[in-house]
There are 2 protein chains.
Amino acid sequence: MTQDRADAKRPRIVVVGAGFGGLEAAIRLSKAPVEVVILDRSNHHLFQPLLYQVATAVLSPADIAFPIRRVFRNRPNVVVFRANVAGVDLDSNEVVHDDGTRTSFDYLILAAGAGQSYFGRPEWEAFAPGMKTLEDAARIRARVLQAFEDAEAEVDPEALKSHLTFVVVGAGPTGVELAGAIKELAVDAIARDFHRVNAGDARVLLVEAQDRLLPAMSRESSHAAREALAKIGVDVRLDTRVISVTREGVTLEHGGHHEAIRADTILWAAGVMASPLGSSLGVTCDRAGRVVVEPDLSVPGHPHVFVIGDMAAVTCAKSRQPVPGVCPAAVQMGTHVAKIIASDVHARHRASGSPPRPAFAYFDKGSLATIGRAKAVADLWGRHFKGFVAWCLWSFVHVFFLIGFRNRVFVSLSWAITYLLYTKGARIILGDPESRVARRVE
Amino acid sequence: MTQDRADAKRPRIVVVGAGFGGLEAAIRLSKAPVEVVILDRSNHHLFQPLLYQVATAVLSPADIAFPIRRVFRNRPNVVVFRANVAGVDLDSNEVVHDDGTRTSFDYLILAAGAGQSYFGRPEWEAFAPGMKTLEDAARIRARVLQAFEDAEAEVDPEALKSHLTFVVVGAGPTGVELAGAIKELAVDAIARDFHRVNAGDARVLLVEAQDRLLPAMSRESSHAAREALAKIGVDVRLDTRVISVTREGVTLEHGGHHEAIRADTILWAAGVMASPLGSSLGVTCDRAGRVVVEPDLSVPGHPHVFVIGDMAAVTCAKSRQPVPGVCPAAVQMGTHVAKIIASDVHARHRASGSPPRPAFAYFDKGSLATIGRAKAVADLWGRHFKGFVAWCLWSFVHVFFLIGFRNRVFVSLSWAITYLLYTKGARIILGDPESRVARRVE
C-alpha cells in the first residue's frame, strides 16, 4: 500500500479514524518498524473542543482542522487515505470500504469516534442538528446567522420571537459553551448591526435533564457555570426533559409540567452514540454502542484488534471507574495500544512469544469549560478555578493542543480580536439556509 | 422599512447587490437625507479578486468576506436585508422578491453583478464550474483537494493522470491566477505530503482562445505572465478553443487540430453573463446581458433607475472606450450615481428642478495579476512592472482594499505563512466531493 515494496514484509497496522486517539496511536507507531495505514472519512484531523466557536462565527473551519497527511509528511512508512469504512471482516483480517474494496491488516485500531444520539428519536435530528463535524458546525453557523437575518426582515411579532429563540439541549461542556457563545453573539451582533430588532428580543435556553450543569465536573464548577450563564442572560432549565422536537420548536417537561417553546433554532448537544463500526463487529456493546473491550483495549477473542476513544467502553484499571469520552482519554488509549503493538512487533522480530499486556489505566488531567466572554470553569489538580483565571487556563490548554503553527496563531489572534473588538470574525452565511420569515417588511 | 418612521418622508433608495459598486453607492448615500435599503442574496460583501486564493486553500472564506450590515453599524438610515430579488416593476416602482413580497423605491440602483457564461453551452457548467461566490470557491477547493486524494489511492495509471490533470479555461486575471496557484499547490502538496504520487505527475493547462494571456493588459504583461507560468510548469495553450466539456475531460481545437484531454478537474474562468435582472427590465441589453444605459448610467426612459458595475454596458465619456468589468469601474459608477441621486434629493428639498446630470467617465487606475509564488505583472501609471516588485504592489493594493481590520491582518498573515513556510493554511475538504478512483489500492 506504499510505494516502497520493502514495507510488504513489515506488519501493517490499519488505523480507522484520525481523531485524538487514532492520530496519537499512528504517530507513536510511525517510529516502529511497521507500515501504518490511516483511513479517515475526511482529509483533516479536527480539534472538536473548539467546534462550537466555528458554529458561533468566532473561528473559521480551517483554524481548527489540520490535514492528516501533513502530520506524516516525514514518515514514509505511514500512508493516509480518505475512505469510508463500511465494516470489518474479522475472519480475513480486512477492512471493507463502502466501494467494496478491502484493506488487509495485521493489527487494527478502530478509533472512529461517536456521533449524536437522539435517544431513540432519530426524527428529531432534522430539527435539532448535532455538532460533530466541521460541516455540522458550518451549517449551524449559517442557521444561527440566518435566524438574525429573518428577525430583521420580520413583521409578525410571534414569528419574530421564534426567529430569536435558540434552544440548546444538553448541558455538558459543548452545550454550556454553545449557549454562552450564542447569547454573546446575539447581544454583540443584534445590538450593534441590526437596526430593526433589539438585543432584548434574543433568548437562549439551555436544557438539561440532570439537576446541574456540567454533570461530569465538580459541584463548584456546575454552580459557577450556572451563575455565569445567568449573568449573561442564558435561561437555564435543569431537571428538564425534551419530550418533543418539531420544526416549530420544542416541548419541555419539568416536574410533570409541560411547556411548548417556539424556536427556529434548536441545537442538540445531549447524547452520543458510538460509530456503528463497533456494533458491526458482532461483539458485546453497551447502550451507547461502545464496544466492551478487554482491559488491554483489545476486542474479546481478537487480540490484534483494538477499539479506542469514544468507541470503547472501558473501566479504568486503577479507579475502577468507567473512562469518560474525553480527548485526554482517547489520547491515552492511543498511546496504550501503540505500546502494546510495538512490543508485540518487537517480540515477533526476536521470534519470542508476545509479551504480557498491561491493562489500561486512565489518568484524569481534569476538565475545563468556557462560559461566554473571558469566563470559564476548571477542575484541575483536584482544585477548582473560575472566572478570568480559568479562562486563561482554558485558552492556554486549547491553543497548546491545537495542531499546526498557523492554527495556533490564527486562533489566538481571533480570540484577541473577539475579546478586544467585541466582534466575531467569521460572521458569514455560506450555503442557503431556509429563511422562515412569516411576513416580510414591505 | 426602518424602525424610525420619520424616515418615511425621506426618499428611499433601494440598492440591489452589495458588491463593489452597490456598496460604494450605499456608503456615499448613507450621508444624505435619504433612506437606503440594501438587498443582497448573501449577508456579506465579497472581495472577489481573492476568490481564487480560497479555491486554492490559501485563505478561508471568512477572510475575504465582510458582513454587509457591519459596514452600516453606525448609519441608522441604512437597512440591510438578505433577499433574493426576482425582478423590478418599473410601473409601480417596486422591487419584487422571489417570495412575492415587494419593496418600493424612489430611486433604484441595480448592482447585482455578473455570473459565468458558457457561450450557449450551459450543460458544460456541471463539469466546469465557475467561480463567482464563496460557495463556488469552497466547492472548487474541495474538488481540487479531492483530486489529489484520489491520486494517492489510485492504481490505474490512466485514471491517475486524469486525477492530476487540471484544465483552466480562460486566461484573464482569474484564469492566470488560478492556474498558477493550482500548479503551486500541486507541487507543494504532492511533493511533500503524498507518499505514493509524484509531483511530476501533476499537470495544469491554461486554455485561452485569444493569442495572448491577460488580453486586457499590456503586451509586456501578457509576455511576462506567459514566461512566469512556463517557468513554474503551467501548460499554456493560446489560440485554442474549447469545443466540448464532459465528465471525462475537454476537447480542445487549435488551428483545426483537435485534442482530447482527460481531466477530473476543469475550471471555467472564460466568459461572464450579467445578472438576468438586467434583461428582465425589457430594455436594450448587449450580448453579455448588460443593460445599455444612458451616459449618466440611468436606464433609458427611467431616470430614477440606475444600473452599475458588471450589469451595465457603458462607453466612457472621455476615452469613448467601453468601460471594462473591473472593480475600480464598479466603484466609480457607484460614486457617480450616488452623487446624481444626492443632488437630485437636494434639489427636491429646495423644490428646484433636478440639476443637469454629468456623463460617467472612467478613470483607468491600471491593472494587476499574480502568477504563483511572489510573482506578478502590473500595468500602472502607463508603466509596466513584473516579478517581485509587481507582487508587492499587488499585495499592497489587495490588502488595502479589503474591508475590515481582521481581514487585513488574517490575509497578510496567511500570505506571510504561505510565502515563508511553503504551506497552504486552508487545505481542508468540506462536504463530500465525488471520489473518482478507478481501482483503489488494496
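Residues numbered from 1 in each chain as written. Chains lettered and ligands numbered in written order. Predicted model: local features only at pLDDT ≥ 70, side-chain atom pairs only at ≥ 80, totals over all residues. Heavy atoms only, no water.

1. Structural notes on the relation of the copies chain B and chain A
Moving on, step 1. For the pair chain B and chain A, the superposition axis carries a translation of 0.0 Å, the fit reaches an RMSD of 0.0 Å, and the rotation angle comes to 180°. In the structure described here, the two chain copies are related by an operation that fits a two-fold rotation axis. Rotation axis and chain B: the residue whose C-alpha lies nearest the axis is Ser60(B), separated from it by 3.4 Å.
Moving on, step 2. When you check the interface residues of chain B against chain A, 100% turn up at the interface there too, and the contact is symmetric in its surfaces. (Least-squares fit on C-alpha atoms with pLDDT ≥ 70 in both. Contact = heavy atoms within 4.5 Å.)

2. Focus on helix α10 (residues 387-401) of chain A
Residue and element names in this part refer to chain A.
Moving on, step 1. The end-to-end C-alpha distance of α10 is 21 Å, a good match for the 21 Å that 15 residues give at a rise of 1.5 Å each.
Moving on, step 2. Those residues of α10 not exposed but buried are Ala390, Trp391, Trp394, Ser395, His398 and Val399. Buried residues of α10, seen end-on, are gathered within an arc of 160° and therefore sit on one face of the element. Summarising the geometry of α10, the exposed residues directed more than 90 degrees from the buried face are Val389 and Phe396.
Moving on, step 3. Where α10 is buried, its residues meet α2 (51-55), α6 (173-193), β23 (367-370), β24 (376-380), β25 (383-386) and α11 (405-421). (Helix = DSSP H or I, 4+ residues; strand = E, 2+ residues; numbered from the N terminus. Expected span 1.5 Å × (residues − 1). Buried < 20%, exposed > 50% of the residue type's maximum accessible area, 1.4 Å probe, protein only. Arc of directions from axis to C-beta.)

3. Re the side chain of Arg82(B)
Moving on, step 1. Relative to the assigned elements, Arg82(B) resides in strand β5 (residues 78-82).
Moving on, step 2. Reaching out from Arg82(B), the side chain makes a polar contact with the side chain of Gln146(A) at a distance of 2.3 Å.
Moving on, step 3. Filtering out sequence-adjacent residues up to four positions away, Arg82(B) remains in contact with Gln146(A), Glu149(A), Ile429(A), Gly431(A), Asp432(A), Pro433(A), Arg440(A), Asp40(B), Arg41(B), Ser42(B) and Asn43(B). (Polar contact = N/O pair within 3.5 Å; in protein donor to acceptor, adjacent residues only side chain to side chain.)

4. A short note on unusual backbone geometry
Moving on, step 1. The residue Ala374(A) is not glycine, and still its phi comes out positive at about 55°.
Moving on, step 2. Secondary-structure assignment places Ala374(A) in the loop between β23 and β24.

5. Details of the packing of α10(A) against α11(A)
Residue and element names in this part refer to chain A.
Moving on, step 1. Contact geometry of α10 with α11 gives a least axis separation of 9 Å together with a crossing angle of 155°. When the interaxial angle is binned, α10 and α11 end up roughly antiparallel. Between α10 and α11, the residues in contact are Phe388, Trp394, Ser395, His398, Val399 and Phe400 and Arg408, Val411, Ser412, Trp415 and Tyr419, respectively.
Moving on, step 2. In terms of residue class, the contact of α10 with α11 is made up of 7 nonpolar, 3 polar and 1 charged. (Axes fitted to C-alpha atoms, helices over the stretch in contact; angles between N-to-C directions. Parallel < 35°, antiparallel > 145°, perpendicular 65-115°, else oblique. Nonpolar A, V, L, I, M, F, W, Y, C, P; charged D, E, K, R; others polar.)

6. Considering the sheet that holds strand β2 (residues 35-40) of chain B
Residues and elements named next belong to chain B.
Moving on, step 1. Read across the sheet, 6 strands follow the order β5-β2-β1-β9-β21-β20 without closing on themselves; strand pairing throughout is mixed. A strand with exactly one partner marks an edge of an open sheet, and here the two such strands are β5 and β20 (298-299).
Moving on, step 2. Across 4 bridges, the pairing between strand β1 (residues 12-16) and strand β9 (residues 107-110) is parallel. Bridging from a neighbouring strand, Val14 pairs with Leu108 of β9. (Pairing = 2+ DSSP bridges.)

7. Overview of a nonpolar patch on the surface
Moving on, step 1. Together, Phe388(A), Tyr419(A), Leu420(A), Leu421(A) and Phe405(B) give the surface a local cluster of nonpolar side chains, amounting to about 510 Å² of exposed area.
Moving on, step 2. Ranked by the residues each element gives to the nonpolar patch, the list is headed by α11(A), at 3 residues.
Moving on, step 3. Relative to the helices and strands, Leu420(A) is located in helix α11.
Moving on, step 4. What makes Leu420(A) exposed here is its relative accessible area of 61%. (Patch = residues over 30% accessible without salt bridge, like charges linked within 9 Å, V, L, I, M, F, W, Y side chains within 5 Å. Areas by Shrake-Rupley, 256 points an atom, 1.4 Å probe, with all protein chains shown as cover. Salt bridge = Lys/Arg side-chain N within 4 Å of Asp/Glu carboxyl O.)

8. So, the interface of chain B and chain A
Moving on, step 1. Taken residue by residue, the interface counts 57 residues in chain B and 57 residues in chain A.
Moving on, step 2. Taken together, the two surfaces of chain B and chain A that pack against each other cover about 5600 Å², and 53% of this comes from carbon and sulfur.
Moving on, step 3. By the criterion of area lost to chain A, the three top residues of chain B are Arg69(B), Arg82(B) and His195(B), representing 14% of everything that side buries.
Moving on, step 4. Counting every contact that joins chain B to chain A gives 10 salt bridges. (Buried area = accessible area lost by both parts, 1.4 Å probe.)

9. Here we look at the pairing of strand β2 (residues 35-40) of chain A
Residue and element names in this part refer to chain A.
Moving on, step 1. Taken across its 6 residues, β2 has 6 buried, putting it largely inside the fold.
Moving on, step 2. What you see with β2 is no split at all: Glu35, Val37 and Leu39 on one side and Val36, Ile38 and Asp40 on the other are buried throughout.
Moving on, step 3. Between the parallel elements strand β1 (residues 12-16) and β2, the chain passes through helix α1 (residues 20-29) in a crossover that is right-handed. (Right-handed = clockwise from strand over helix to strand, strands pointing away.)

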